[in-house]
Amino acid sequence: MPDLATVTPPTAVTRLVTRHRAARMRLVILTVAMVVAVIVLTVASLAVGSRALAPADVIAALFSDRRDAAGVIVHELRVPRTLTALLAGACLGVAGVLMQAVTRNPLADPGLLGVNAGAAVGVVVAIAFFGVGTASGYVWFAFAGAASAALLVNAAARPGRRGDTVGLILAGVALSACLGAVVRIITLADDDTFESFRFWAVGSFERRDADVAAQVLPFAIAGLILTLVIARGLDQLRLGTDLARSLGTSPALTIVGAGAAITLLCAAATSAAGPLAFIGLIVAHIVRRTVGGDVRSTIVLAALSGAALTLASDVIGRVIAIPGEVEAGIVAAFVGAPLLLWLVVRRAS
Amino acid sequence: MIAASHPPSRTLPRRRRRATLVVGVTIAIAVLAAIAGLTTGSFHTSLSDVASALMGTADGPTTVVVMGMRVPRMLAALAIGAALGLAGAVFQTLARNPLASPDIIGFSAGSATGALVGLTLIAPTASPAAGAWIGGILTVVVVMAIARSVGVSRERTILAGIALSTLLAAVNDYLLTRAPIEIARNADQWLHGSLVATTLSDVALLVGALGVLGFILVLVHRDFRTLELGDDTARSLGVRIGHLRLLLIVVAALLTGTATAVAGPIGFIALAAPQLARRTMGTSGIPLWGSAVTGATVLLVADVIAQRALAPLQIPVGLLTAVVGGAYLFWIVARTRR
């Protein structure tokens, strides 16, 4: 009997420490792997396309300003496209992790919760009623739309209650359906709007110019910084509101900050790349499965894996349908939707 | 004795009176909407023009507009609305959940996938109907299989349907990007859900299907009502639940499938009509025929608004029902979570 008293606590602690170490180890390994993946995919993204280039040519073109065919393709088409995908992916990955932490809902995703649809309405209103034609102009409207949608869904479904997954998802689906139809009515009514909107709407990185990434970059950075600021508070909130408060966290402020960060990140990603669903869901799921739900230590990993996943979707989309292209948003959905289905079915058993 | 027997004998007729009143008002609204739909538009026709067109004594253009376009469209709206209302009532009663409508559980997305596969891969010139039927029914089978494997946990079934819908939506997007542009445009048109191109033969198909399937519902109506009392009670009353459920699912799927085949996916009627009917009529269960009448009226009104609101632009009615229905669903979710 005394044996038990002296032996059990250390074993439990040791187990905890071992598990913690294992999680740290996995975090490091996964982060390194994602860095490698991002680099490899970046090279692939610069090389692959309707005119394939050898990696050597890509690198030669990158580091010279010779304006031969390869140089033009790399500098004017593939570099902007790749940068936009990396940026949007990083934002969506972090937003997904944040969203799941705030709502405590393993199915939360910017696309599923109506944020994309809100941003889409913002963009289409900007084009149709304000004659805005550039991404730097869209971004404000996308913000307004994304923020309103996020607030509406949150207000409707009251996130944070454990187990209430259906309400949140339903509210998101309902809002998406409603706003999506509004967008289609506006684009049906006006052919010019339809033309401009079409290229934005498919979640494709085709025809993104270099300015786009530059224009939304400040917003993305602001969102990431805000995420770093509130991450500690979010992790403390997981211990419960009272404990978090006693540790010096203001729950209300943290949630508001997280909401602002999610909005900044989603709006930046969406205004640059169009609506991309499921990236946030997939990233958050991978991160939670392998290294746990700790927000602070997984932000970098989330950003990297979001970027890698989005770029991979884009590259795969360019390869599988030569000579045509399949939009990155569709490729991501082919991975994300079955994952969602699996999560739903598995949670039941 | 008197105290026990009195209340039911008084409330039952009162309820019935209320239901009759509501159905009467609903039909009146439908008649007004029908008159508006038949008489307004870019080609002006007065009520007497419409009447003479119906009698077959009007001049050529009037006859073409009224009999060739507006009357079939009106009848199709009524029939499709009724079919969707009925299907929604059956699904919602079966699942005992107001959210279990065919569009939420993936039926519409599946129908669209079936139609798109047919249009883009198999027979570009054929009607999308057969594909829509097959796709929709396959989707329902998959959702039901998932529902069975996850246990009869209703919320999970709905989530599974939503997940399947998003998956199928991705497939649909993919098919649209791979199709030649003229086929893609056709298919896209169909995907919006529109009554613009309905003809009298479509109406005949719809009425035929409504007649046969409605008759089946009449035959099993008594057993259908016992399902509301719970499976055990129904079983103890001698209802063969397994067979009944299967039959009802097939009937509801065929109703939705036929409607979808003619007009494309029209969302949210099946979701909203049964609930509207139940609330206005004050019944405890979901009224079958009330849902049909409500669905018919709602879709007719929606279609008239869709035609005239932004004229000369014709909004596909499916988009209009999606705007209103999405907002309605959102409101329901917000309200019930308070």
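Residues numbered from 1 in each chain as written. Chains lettered and ligands numbered in written order. Predicted model: local features only at pLDDT ≥ 70, side-chain atom pairs only at ≥ 80, totals over all residues. Heavy atoms only, no water.

Of the regular secondary structure elements, chain A holds 13 helices and 0 strands. In chain A, the succession of helices and strands from N to C terminus is α-α-α-α-α-α-α-α-α-α-α-α-α. Relative to its 349 residues, chain A shows a buried fraction of 52%. Long-range pairs, those at least 24 residues apart, make up 77% of the contacts in chain A between residues at least 6 apart in sequence. Accessible area for chain A stands at about 15100 Å²; split by element, carbon and sulfur atoms hold 68% of it. (Helix = DSSP H or I, 4+ residues; strand = E, 2+ residues; numbered from the N terminus. Buried < 20%, exposed > 50% of the residue type's maximum accessible area, 1.4 Å probe, protein only. Contact = heavy atoms within 4.5 Å. Areas by Shrake-Rupley, 256 points an atom, 1.4 Å probe, with all protein chains shown as cover.)

Moving on to the pattern of salt bridges. Residue and element names in this part refer to chain A. Taken as a whole and judged by the stated rule, the model has 4 salt bridges over all chains. Notably, a salt bridge pairs Arg81 with Asp314, separated by 2.9 Å at the nearest N-O pair. Taken together, the residues Arg81 in helix α3 (residues 69-103) and Asp314 in helix α12 (residues 299-320) connect sequence positions 233 residues apart. Judged on exposure class, the residue Arg81 and its partner Asp314 are both buried. (Salt bridge = Lys/Arg side-chain N within 4 Å of Asp/Glu carboxyl O.)

For the rest of this paragraph, the subject is the nonpolar core. Within the largest apolar cluster, 191 residues are counted, with the highest numbers of intra-cluster contacts made by Leu98 and Leu234 of chain A together with Ile80, Leu248, Ile266 and Leu329 of chain B. Among the elements that take part in this core, helix α3 (residues 60-95) of chain B stands out by supplying 16 residues, more than any other. When residues no more than four places from it in sequence are discounted, the contact partners of Ile266 of chain B are Ile80, Leu84, Gly193, Leu195, Leu299, Val317, Gly318 and Thr321 of chain B. Judged by nonpolar contacts, the second largest core, of 13 residues, contains Ala112, Ala115, Leu119 and Ile183 of chain B. (Core = buried A, V, L, I, M, F, W, Y, C linked by side-chain atoms within 4.5 Å.)

It is worth spelling out the interface of chain B and chain A at this point. How big an interface is tends to be reported as the loss of accessible area on association of its parts. Contact residues are listed per partner, giving 37 residues for chain B and 43 residues for chain A. Between chain B and chain A, the buried area comes to about 3500 Å², and carbon and sulfur atoms account for 79% of it. The tally of links between chain B and chain A comes to 1 residue pair in polar contact (both at pLDDT 80 or more). Where the side of chain B that touches chain A is concerned, the elements lending two or more residues are α5 (129-149), α6 (154-178), α7 (181-192) and α14 (317-336) of chain B. Looking at which element gives the most residues to the side of chain B that touches chain A, the answer is α6 of chain B, with 15 residues. (Buried area = accessible area lost by both parts, 1.4 Å probe. Polar contact = N/O pair within 3.5 Å; in protein donor to acceptor, adjacent residues only side chain to side chain.)

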